[in-house]
Amino acid sequence: MRNVEKIKIILLVAILILFSYNYMEAQNQVPVQQPDNNKIAVLNFGTFHMGFTPDENTTEFDEQNQENQRKVRKIAKNLAEFQPTVIVVEVPPDNEELQGEYGQYVDNPKRVFENPSEIELLAYEVGRLSGATKIYGIDHKMNYNYRVAREIDNAIDSTTVREYYENPFSTTPEIDVELDSLPLFDKLNMLNHEKFLDFLITINADILAYAGTEDGFEGADEAAKYYQRNLRMYSNLNRLPLTKEDRVFILMGASHTAFFRDFFSRSPKYEMVDTFKYLKK
């Protein structure tokens, strides 16, 4: 056999092997998830509280500053590309003023609020731009003790608790940032980062399960209250008269967004869209 023919055969075998390998690789790939038209589309958006908040942790932001308000409106314009039909916010369901105030804002977007929050600055504007006619509150207030792990004689695992509070970002340095030092867009970008949402669940609830007295479950019981609050908020969402034609924009403090992300990920009713498709500069 001549050398040229040998080379042709070798090349042919190599091509067949490469084709076979690529085919097997393709068979093992996870298919890209397509939107489920049988579920309600949700844009689950986390924020910090832009006005007054009783929360233990706050983020520095001057909601009266005109440049800050301009930046919020720019973000709202991008989020409105989701085209929600329903707006959901972190206020109690029995807030009788919410729908009326929202309607007044839609009629007069230049209206000045005395102490605007993220609801007036962001949620109302997203709804106005998208033509959403309905806005609902789903919050459910419950008190719990954030500090219980530091207040009791911890007989469960004080080492893990101490090391975590000393450096909660030891395994996720990419989210170890000072939020107050970031521009508005970057703040919101970080708050909706998957690992930051995980961090919010851990620091607000899961870390407490490592704390308790010798015969007690003080930490776990407090964590359960925060899970319960978020589950009740989720239950309030499920009370709303939504249809599969609706597109729902939900604006809450990011720790609630984190819990709802997990609820939605297993839901037979809702499907989350990619937040970062709309949160863009």
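Look above for the structure.
For the structure given in this document, a descriptive report is provided here. Nothing here was measured: the structure is a model prediction, and the numbers come from that model.

The biggest cluster of nonpolar side chains holds 76 residues, and the ones touching the most others in it are L79, L122, L237 and F260. Not counting chain neighbours up to four residues away, the residues in contact with L237 comprise V88, I138, L242, I250, F260, F264 and Y270.

Our focus in this paragraph is the sheet that holds strand β1 (residues 40–47). One open sheet holds the 5 strands; their spatial order is β3-β2-β4-β1-β5, and the pairing between them is parallel. Across the chains shown, the open sheet's two edge strands, defined by having one partner strand only, are β3 (134–137) and β5 (270–272). Each neighbouring strand pair of the sheet contributes to a mean axis angle of 25°, computed without reference to strand direction. Taken together, the 4 bridges between strand β2 (residues 86–89) and β3 define a ladder with parallel strand orientation. Looking at the pairing, I87 lines up with I135 of β3. Where helix α9 (residues 218–238) meets the sheet, its contacts fall on β2, β4 (247–253) and β5, and the angle it forms with β5 comes to roughly 115°.

The rules behind each value
Residues numbered from 1 in each chain as written. Predicted model: local features only at pLDDT ≥ 70, side-chain atom pairs only at ≥ 80, totals over all residues. Heavy atoms only, no water. Core = buried A, V, L, I, M, F, W, Y, C linked by side-chain atoms within 4.5 Å. Buried < 20%, exposed > 50% of the residue type's maximum accessible area, 1.4 Å probe, protein only. Contact = heavy atoms within 4.5 Å. Pairing = 2+ DSSP bridges. Helix = DSSP H or I, 4+ residues; strand = E, 2+ residues; numbered from the N terminus. Axes fitted to C-alpha atoms, helices over the stretch in contact; angles between N-to-C directions.

Shape is all these values report; function is a separate question.
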